[in-house]
Amino acid sequence: MTDIGCALLAGQVAAGARAIRWLDDQDPRGREVLREIFPHTGRAHLVGITGPPGAGKSTLVDALIGEQRARGRRVGVIAVDPSSPFTGGAILGDRVRMQRHALDEGVFVRSMGTRGQAGGLSRSTYDACLVLDAMGYDVVLVETVGVGQDEIDIVSLAHTTVIVMVPGLGDEVQAIKAGLLEVGDVFLLNKADRDGVEQVGRELELMLHLRGQDGEAAAWRPPLLRMVATRGEGTGAAVDALEAHAAHLRASGQYQRQAGLRSYHQFTATLREAATRRLLERALRHSATAALVADVHDLKVDPYSAAEALLAQTEL
Amino acid sequence: MTAKSSRPLRILLAKLGLDTHTVGITVVAHALREAGMEVIFAGLKQTPEMVVSAAIQEDVDVIGISSLSAGHTRSLPRLARLLREQGGADKLLIVGGVIPEEDQPLLEAAGVARIFTMGTDTREIARYLNDWWLARLARAEPATRTEPSAPPRQ
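Rules used throughout
Residues numbered from 1 in each chain as written. Chains lettered and ligands numbered in written order. Predicted model: local features only at pLDDT ≥ 70, side-chain atom pairs only at ≥ 80, totals over all residues. Heavy atoms only, no water. Helix = DSSP H or I, 4+ residues; strand = E, 2+ residues; numbered from the N terminus. Rg over C-alpha atoms; globule rule 2.2 N^0.38 Å. Buried < 20%, exposed > 50% of the residue type's maximum accessible area, 1.4 Å probe, protein only. Areas by Shrake-Rupley, 256 points an atom, 1.4 Å probe, with all protein chains shown as cover. Lys, Arg positive; Asp, Glu negative; His and termini not counted. Charge placed at Lys NZ, Arg CZ, Asp CG, Glu CD. Pairing = 2+ DSSP bridges. Domains from an automatic or database assignment. Arc of directions from axis to C-beta. Contact = heavy atoms within 4.5 Å. Salt bridge = Lys/Arg side-chain N within 4 Å of Asp/Glu carboxyl O. Buried area = accessible area lost by both parts, 1.4 Å probe. Polar contact = N/O pair within 3.5 Å; in protein donor to acceptor, adjacent residues only side chain to side chain.

*Asks:* Quick question: what am I supposed to make of the overall build of chain A here?
*Replies:* When you go through chain A residue by residue, the secondary structure sums to 12 helices and 8 strands. Computed over its C-alpha atoms, the radius of gyration of chain A comes to 22 Å, within 12% of the 20 Å expected for a compact globule of 316 residues. Taken over the C-alpha atoms alone, chain A extends approximately 65 × 50 × 40 Å along its principal axes. When burial is assessed residue by residue, chain A has 51% of its 316 residues classed as buried. With the model as given, the accessible surface of chain A reaches about 14,300 Å², and the carbon-plus-sulfur share is 54%. Of the side chains in chain A, 34 bear a positive and 40 a negative charge, and the two mean positions are spaced by 4 Å.

Structure below.
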């Protein structure tokens, strides 16, 4: 086993941090470490925290860390912020809200840029979760970029998806609710000391009630909890809800099934990427297929016909 | 680093102690983002211990400290020493702000690689970091696989 793999499994922070860097940078050494540690994963409770920009996600994560620590759990945090699509640069500022845990050895906070990935996560967020899991963190909180309606990759990554809502977002919250409402396991209504909280609370409760009536979803009724994260109010009940959901998943066998699905999801994504790359590399080496690719750029052929033609020529 | 890289430089920016002048660090953060770097903003009122812990968790390549009030002659050497002790000797430590000339030899001896004084063009900081990063990438074993690139326009 590699030195980094050994040190990481022993819980050494610098080793885990380096492994995540390799995975984020697509350095082949990252995949090697991942192969080594994979058998040691599957223990951590992965919790996704998502919601619109300005909902107070980072502050809420800070409050959840505090409560989890009080219960003796070790906590990993992955905070994702958007990278510039033009320069690839990013300003990752979520740590600022979690400073009080800076010297707590039971807390590991990592900031990641999306690096061109849509969906609210970075390509290597899943890998980073596996690393923190193997390092022995009991809970991994993944804070996504502020999402709109359908940037909800977190659902396929986390055991438990937390949707953070706030009063006073106006009409846009309607659209967000429609998209996010179907996928949340726990709903936290943050900034519950603000005007308008009663109205948003009533609307959400109604929509959750409607959702709860359709078949299988009835097994878990997503709770709606009020919080004031800046003052830590409601944090205990929120962590209770996360634990209740994990217990529900374990009791119904979904915990394990979800892990399998997550792995399969990553497997197909990796195949898709590698296969596309190889296919294109091969196509560009031969004049007939290279001409086809050029025709796409020149708008001489529609993209679907071109894709079909390339697949036919490569006998796929 | 104007072209997107699959290995962007990661830099932690922070302020130590009770220095709360934030304009400089904010301007630098945006300039480095424009230069294609991942800027982890650790915030204000940091201790050297907090900065080192964050730098290791984030596995940054560079630590940038903004200092616009006194205190750097004590806190920066302490930060550099902690960094070495905790296995972060490979990370570059730079500082910017109001650094009197007479303090500079002490800071350099303590392990500060570069000092950017008031009035420095942010492009100069980006260029310095970019050159340092490219040199480091060239020294490192060529381990990274090239990214799948879009087909060239004909």
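*Asks:* What is the right way to read the pairing of strand β6 (residues 160–165) of chain A from this model?
*Replies:* Residue and element names in this part refer to chain A. The buried count for β6 comes to 6 of 6 residues, which makes it a mostly enclosed element. Where burial is concerned, the two faces of β6 agree: the one with T160, V162 and V164 and the one with T161, I163 and M165 are both buried. One ladder, built from 4 bridges, connects strand β1 (residues 45–50) with β6; its direction is parallel. The partner of I49 across the bridge, within β6, is V162.

*Asks:* Would you mind going over the domain arrangement of chain A with me for this structure?
*Replies:* Where interface size is quoted, it is often the accessible area lost as the parts come together. On domain assignment, one finds that chain A holds domain 1 (1–39), domain 2 (41–252) and domain 3 (268–313). The gap between the C-alpha centroids of domain 1 of chain A and domain 3 of chain A is 35 Å.

*Asks:* Help me understand helix α3 (residues 28–37) of chain A, please; the structure alone is not making it clear to me.
*Replies:* Residues that lie three or four places apart on an α-helix share one face, since the helix turns once every 3.6 residues. Residue and element names in this part refer to chain A. When α3 is considered as a whole, its buried residues turn out to be G30, V33, L34, E36 and I37. Across the axial projection of α3, the buried residues extend over an arc of 160°, all falling on one side. Exposed side chains of α3 directed beyond 90 degrees from the buried face belong to R31 and R35. If you follow the buried residues of α3, they end up packed against α1 (3–9), α2 (13–24) and α5 (125–134).

*Asks:* Looking at this model, I keep getting lost on the side chain of H245(A). Mind explaining?
*Replies:* As for its position among the elements, H245(A) is in helix α9 (residues 235–251). Every residue in contact with H245(A), bar those within four places of it in the chain, is listed here: H159(A), T160(A), D185(A) and W220(A).

*Asks:* How do you make sense of the environment of R278(A) when you look at a structure like this?
*Replies:* In this structure, R278(A) sits in helix α10 (residues 254–285). For the pair formed by R278(A) and A158(A), sequence separation is 120 residues and the distance between their alpha carbons is 31 Å.

*Asks:* Mind showing me how you'd approach the pattern of salt bridges here?
*Replies:* In a structure, side chains of opposite charge can pair up when their charged atoms sit close to one another. Counting across every chain of the model gives 31 salt bridges over all chains. For the salt bridge of R231(A) with D193(A), the shortest nitrogen-to-oxygen distance reads 3.4 Å. Of this pair, R231(A) sits in the loop between β8 (224–226) and α9 while D193(A) is found in the loop between β7 (186–189) and α8 (197–211), placing the two residues 38 residues apart along the sequence. With relative accessibility at 47%, the residue D193(A) sits in the partly exposed group. Its salt-bridge partner being R33(B), residue E34(B) comes within 3.2 Å of it at the nearest N-O pair. When its relative accessible area of 48% is taken as the criterion, E34(B) is described as partly exposed. Overall, R33(B) belongs to the partly exposed group, its relative accessible area being 24%. Via salt bridges that share partners, R21(A), D24(A), D25(A), R95(A), R110(A), R115(A), R7(B), R10(B), E38(B), E58(B) and D61(B) belong to a single interconnected network.

*Asks:* Can you walk me through the interface of chain A and chain B in this structure?
*Replies:* Listed as interface residues are 41 residues of chain A and, on the opposing side, 43 residues of chain B. When the buried area of chain A at its contact with chain B is split by residue, R21(A), T87(A) and I91(A) rank highest and sum to 17% of it. For E58(B), the salt bridge is made with R95(A), and the minimal N-O distance between the two is 2.7 Å. Linking chain A with chain B are 21 residue pairs in polar contact (both at pLDDT 80 or more), by the criterion used here. Secondary-structure elements contributing two or more residues to the side of chain A that touches chain B are α2, α3, β3 (90–92), β4 (107–113), α10 and α11 (287–297) of chain A. The pairing of β3(A) with strand β2 (residues 38–46) of chain B spans 3 bridges and is parallel. Pairing of I91(A) across the sheet is with V39(B), part of β2(B).

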